[in-house]
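# Coordinate analysis (summary)
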Amino acid sequence: MYRIYLDDVRTPVNKTWTVVRNYEEFVSKIQEIGLGNIECISLDHDLGDTAMQEWHRNVYHNYTLNYDNIKEKTGYDCAKWLVEKWLDGEPYVPVNVHSANAVGASNILGLIWNYCHIHKRPQNSIRWEVPY
């Protein structure tokens, strides 16, 4: 079973993670190995320069997040893609979030929790820290 770690910068100390760096690599890797072969997924939210700029300008100081200011796809986009796959009948995989962006992490977790609530799955996704 695979463990998928999405982050554009950090690499986990534990080498059992399969690291992907952006939305395209995330989708490609999951399509390659299949959701049924994945044990868990850990998502970062900010995956590039404009996402980090938005974090520094707005999230850090004002606790607001404007996706119009972010040009690259984020971990939230990856979570939306996952939910679409689950709605199409693909196997559900537990998702946690290791992002430092609390607003972005909450957006991801809210989306996952909503899916789990509606589809009677355990709402056990959390914000956690993966040593890197």
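The structure reproduced in this document is the subject of the present report. (Residues numbered from 1 in each chain as written. Predicted model: local features only at pLDDT ≥ 70, side-chain atom pairs only at ≥ 80, totals over all residues. Heavy atoms only, no water.)

### A look at the nonpolar core
Note the cut-off: As used in this record, nonpolar core signifies buried Ala, Val, Leu, Ile, Met, Phe, Trp, Tyr and Cys residues forming a set joined through side-chain atoms within 4.5 Å. Relative accessibility under 20% of the residue-type maximum defines a buried residue, over 50% an exposed one, and the middle range a partly exposed one, all with a 1.4 Å probe and only protein chains included. The secondary structure listing takes helices from DSSP runs of H or I that are at least 4 residues long and strands from runs of E that are at least 2 residues long, numbered from the N terminus.
Counting 29 residues, the largest nonpolar core has Phe-26, Ile-41, Leu-43, Leu-82, Trp-86 and Ile-112 as the members making the most contacts within it. Breaking this core down by element, the ones donating at least two residues are β1 (2-6), α1 (23-33), β3 (38-43), α3 (75-87), β4 (95-97) and α4 (102-118). Counting residues in each nonpolar core, the second largest holds six residues, with Ala-51, Leu-65, Ile-70 and Val-103 among its members.

### A look at the sheet that holds β1
We apply this condition: Note on pairing: two strands pair once DSSP finds at least 2 bridges between them. Orientation is described by lines fitted to C-alpha atoms, with helices fitted over the stretch in contact, and by angles between N-to-C directions that extend from 0 to 180 degrees. Contact definition: two residues touch when any of their heavy atoms are within 4.5 Å.
Pairing in this open sheet of four strands is parallel, and the strands run β2-β1-β3-β4 from one edge to the other. The sheet is open, and its two borders are formed by β2 (18-20) and β4, each paired with just one other strand. For this sheet the average axis-to-axis angle between neighbouring strands, irrespective of direction, equals 20°. Pairing analysis gives five bridges linking β1 to β3, with the strands arranged parallel. Bridged to Ile-4 within β3 is Ile-41. Set on the sheet, α3 makes contact with β1, β3 and β4; between it and β3 the angle comes to about 150°.

### Observations concerning the environment of Ile-126
Here Ile-126 shows up in the segment after α4. Ile-126 gets classed as partly exposed once you look at its relative accessible area, which sits at 41%. As for Ile-126 and Leu-111, which are separated by 15 residues in sequence, their C-alpha atoms are 12 Å apart. The residues contacting Ile-126, other than those within four sequence positions of it, are Val-95, Asn-96, Val-97 and Leu-109.

### Points about unusual backbone geometry
With glycine set apart, most residues show a phi of negative sign, and most peptide bonds adopt trans. The phi torsion at Tyr-63 lies on the positive side, around 60°, for a residue other than glycine. Residue placement: Tyr-63 occurs in the loop between α2 (49-62) and α3. For Tyr-63, a relative accessible area of 64% gives the class exposed.

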